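Chain residues, written in single-letter form:
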Amino acid sequence: MRTLKIVAALLVVAGLFGGDHPRYISDYYNAPAPRVEISKDEQQVADRVNDALRSRGLTILSMDPRMVLVCRHISAYLQANGIERVDVFDSDEIKRQLNDAGVTDGRIMIHLGNSHGVDEFIGSSLDKLVEQVRNAGMTHVGVGVVSGGMLSRVSFITLIMTKRPVLLGTLPRKVAGGTRQSLSIAPARGVKNVGLHFSDPAGRELPVELRGAAGGKRFAELNFNAGGGAYTIEVTFEGDYGPEVGALFQVQCQGPAAAQSQASVSPYTEIDWDIRNEQEAEDLILMLINDERISAGLTPLTLYGPLSDVARGHSRDMAQNNFVGHLSPGRGDVSDRVDAAGIKWSRVTENIARAETIQDAHRGLMGSPVHRRNVIDSEVNFVGIGVVFIDGPYGGRQVLVTVDFLAMR
């Protein structure tokens, strides 16, 4: 059996698969789930994971039919094109496919592979998988199993898990220019400090107000009146380790294209991403951040060594204690850590990411209105960057990135 890839994400290329219109594509986000008959093998994969969670006293995962359809689509592609084509699936690619299916969850985990059965697919990786699910607080699961054919006993299996801390109301994936859409947000039990962030196709944040009781269902009106293109919607909440992204997705607005800022154009398409060590990764992130700021008409940030020490310390803390978040159980939040380092500041903010590559990390952060705001903050002038390479749960290298932004006092 070859288990080829696991992706954990804190952000569909048209025509990628060819053929007919994929069955999973929906015209709406968060629409009622379609009726999908789960196969015996698919149910067995989910049951193995849930049995392991239940035996550890953890909450089991709910099967999402929309995610099942996406998983089947991926497994069918791997069956038709060869398991080695797993390279086309990075975290952003699968996130786009989930969005196409109407799923808006902000955190995902993907397990892809081929095997001669469920036991072989799960195998010795079950304990690692359950630990990842526990640490990330995953709530929903989709499984897709496709047979290798009449002459083959090999099955191609895709397992996707997501975290769904908020239940969003139905929203069209495409709207007409100048229209207004209502969005409802219902926090899951215990979820606090829900926030909503809305940006136009040029990346500019737009005003939006959440109404309703803080502990109950909230409502907002979204105005798509800044020109045609992709509008980004992000829902945040307070997690066990500080602020988290609960949902992140885009709505396409028809009409004349909005004026694009230079910052909305990727500055890193020509960069060699073969990073050999953590210092090279930090240097690259500094260049990317300052490219974004220059494109936005802002002054580049100055790298500040003591602040980078703080950032590296937090990345190491996350790696050693197996968490991803702004709030360290032992060292507090970014202001606590900067204070402990003796740095005098008047403003401090932080971005963190865990990803397969530096490219994935930067793209994911810039695709989030909240994190993009920190990068192009005109009130900060120093930055500290800390990158730590870690082993992925199923092989391969991942990166933990901490970027701290600061204005001196």
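Residues numbered from 1 in each chain as written. Predicted model: local features only at pLDDT ≥ 70, side-chain atom pairs only at ≥ 80, totals over all residues. Heavy atoms only, no water.

### Here's the deal with the overall build of the protein chain
Operational definition: Here a strand is any run of E in DSSP of at least two residues, a helix any run of H or I of at least four, and the numbering for each starts at the N terminus. Partly exposed residues are those whose accessible area sits between 20% and 50% of the maximum for their type, while under 20% is buried and over 50% is exposed, using a 1.4 Å probe and protein chains only.
On a plain count of helices and strands, the protein chain comes out with 10 helices and 19 strands. In the protein chain, which comprises 409 residues, the proportion classed as buried is 55%.

### Remarks on the pairing of strand β11 (residues 192-199)
Keep this limit in mind: Two strands form a pair only when DSSP identifies at least two bridges running between them.
Among the eight residues that make up β11, six are buried, leaving the element largely enclosed by the rest of the structure. With six bridges joining them, β11 and strand β14 (residues 229-239) adopt antiparallel strand pairing. Paired with Ser-199 across the two strands is Thr-232, which belongs to β14. One ladder, built from two bridges, connects β11 with strand β12 (residues 205-206); its direction is antiparallel. The residue bridging Phe-198 from the neighbouring strand is Leu-206, located in β12.

### Structural notes on the pairing of strand β4 (residues 107-115)
In the case of a regular strand, side chains alternate between the two sheet surfaces. Among the nine residues that make up β4, nine are buried, leaving the element largely enclosed by the rest of the structure. Side chains Arg-107, Met-109, His-111, Gly-113 and Ser-115 of β4 all project onto a buried face; the interleaved residues Ile-108, Ile-110, Leu-112 and Asn-114 project onto the opposite face, where all are buried too. With nine bridges connecting them, β4 and strand β6 (residues 155-163) associate as antiparallel partners. From the neighbouring strand, Ser-115 faces β6, where its bridge partner is Ser-155.

### Side note on the sheet that holds strand β18 (residues 382-391)
Threshold: Contacts are assigned to residue pairs that have any heavy atoms within 4.5 Å of one another. A fitted line through C-alpha atoms represents every axis, and for helices the fit uses only the stretch in contact; the resulting angles, taken between N-to-C directions, go from 0 to 180 degrees.
Pairing in this open sheet of four strands is mixed, and the strands run β16-β18-β19-β17 from one edge to the other. Only two strands of the sheet have a single partner each, and these edge strands are β16 (302-303) and β17 (345-355). Bridge count for β17 against strand β19 (residues 397-408) is 10 bridges, and the pairing is antiparallel. Its bridge partner being in β19, Asn-351 is matched across the sheet by Val-403. In the packing of helix α6 (residues 278-295) onto the sheet, the strands contacted are β16, β18 and β19, and the crossing angle to β18 comes to about 135°.

### Description of the confidence of the model for the protein chain
Stated precisely, the cut-off is as follows: pLDDT gives the predictor's per-residue confidence on a scale running from 0 to 100.
Confidence along the protein chain averages 86 in pLDDT terms, with 86% of residues attaining 70 or more. Contacts of residues 261-269 to residues separated by more than four positions or lying in other chains number 16 contacts, the stretch itself having pLDDT below 50.

### Considering helix α1 (residues 40-55)
Convention followed: What a helix should span is 1.5 Å times the count of its residues minus one. What the arc covers is the set of directions going from the helix axis to the C-beta atoms.
With 16 residues, α1 ought to run about 22 Å at 1.5 Å a step, and its terminal C-alpha atoms sit 22 Å apart, in line with that. Residues Glu-42, Val-45, Ala-46, Val-49, Asn-50, Ala-52 and Leu-53 constitute the buried set of α1. Considered in projection along α1, the buried side chains sweep an arc of 155° and stay on one side of the axis. α1 presents Lys-40 and Ser-55 as exposed residues on the side facing more than 90 degrees away from its buried surface. Buried-residue contacts for α1 involve β3 (62-63), α2 (65-81), α4 (118-122), α5 (126-136), β5 (140-147) and β6.

### A closer look at the side chain of Asp-105
To be explicit about the condition: The definition of a polar contact used here is a pair of N or O atoms within 3.5 Å, where within protein one atom must be able to donate a hydrogen and the other to accept one, and adjacent residues in sequence count solely through side-chain atom pairs.
For Asp-105, the position within the fold is in the loop between α3 (91-100) and β4. Residue classification places Asp-105 among the buried positions, given a relative accessible area of 4%. Looking at Asp-105, its side chain comes within polar contact range of the side chain of Arg-164, at 2.9 Å. When sequence neighbours within four positions are dropped, the list of residues in contact with Asp-105 reads Lys-95, Thr-162, Lys-163, Arg-164, Gly-246 and Ala-247.

### Quick notes on the pattern of salt bridges
Should their charged atoms come close, side chains of opposite charge can pair. Cut-off, in case you're wondering: Throughout this description, the term salt bridge denotes a Lys or Arg side-chain nitrogen within 4 Å of a carboxyl oxygen of Asp or Glu.
For the structure on display, the rule yields 19 salt bridges. Here Arg-54 makes a salt bridge to Asp-51, at a shortest N to O gap of 2.9 Å. Of this pair, Arg-54 and Asp-51 both sit in helix α1, three residues apart, which is roughly one turn of that helix. Residue classification places Asp-51 among the partly exposed residues on the basis of a relative accessible area of 42%. The network of salt bridges with shared partners includes Asp-64, Arg-66, Asp-105 and Arg-164.

### So, the packing of α2 against α3
To keep it simple, the criterion reads: Angles below 35 degrees are treated as roughly parallel, those above 145 as roughly antiparallel, those between 65 and 115 as roughly perpendicular, and all remaining angles as oblique. Note on convention: the crossing is left-handed when the near helix lies turned anticlockwise from the far helix by less than a right angle, right-handed when the turn is clockwise.
One can describe the packing of α2 onto α3 by two numbers: an axis separation of 9 Å at closest approach and a directional angle of 130°. When the axes of α2 and α3 are compared, the pair comes out oblique. Considering only the axes of α2 and α3, their crossing is right-handed. Across the interface between the two elements, Met-67, Val-70, His-73 and Ile-74 of α2 pack against Ile-94, Gln-97 and Leu-98 of α3.

### What about the environment of Val-166?
Of note, Val-166 is situated in strand β7 (residues 166-168). Placed 51 residues apart in sequence, Val-166 and Lys-217 show a C-alpha to C-alpha distance of 9.6 Å. If we skip the residues at most four places from it in the chain, Val-166 touches Ile-185, Ala-186, Pro-187, Ala-188, Val-194 and Val-235.

### Description of α6
For α6, which comprises 18 residues, the first-to-last C-alpha distance of 26 Å matches the rise-based estimate of 26 Å (1.5 Å per residue) to within 8%. The set of residues buried in α6 consists of Ala-281, Glu-282, Leu-284, Ile-285, Leu-286, Leu-288, Ile-289, Asn-290, Glu-292 and Arg-293. Considering only its buried residues, α6 is in contact with β16, α7 (305-321), α9 (358-366), α10 (369-375), β18 and β19. Among the residues of α6, the N-terminal cap falls to Asn-277, whose side-chain oxygen and the backbone nitrogen of Gln-279 are separated by 3.2 Å.

### Observations regarding the packing of aromatic side chains
We count it as follows: Aromatic rings from Phe, Tyr and Trp, taking only the six-membered ring of Trp, are treated as a pair when their centres fall within 6.5 Å; an angle between ring planes under 30 degrees marks them as stacked, one over 60 as edge-to-face, and anything in between as tilted. Lysine NZ or arginine CZ positioned within 6 Å of the ring centre and within 35 degrees of the ring normal marks a charge as sitting over the ring.
By the definition in use, this model includes six aromatic pairs. We note Arg-173 situated over the ring of Tyr-29; from NZ or CZ to the ring centre the distance is 5.8 Å. Directly above the aromatic system of Phe-389 lies the positively charged group of Arg-397, at a separation of 3.9 Å from the ring centroid.

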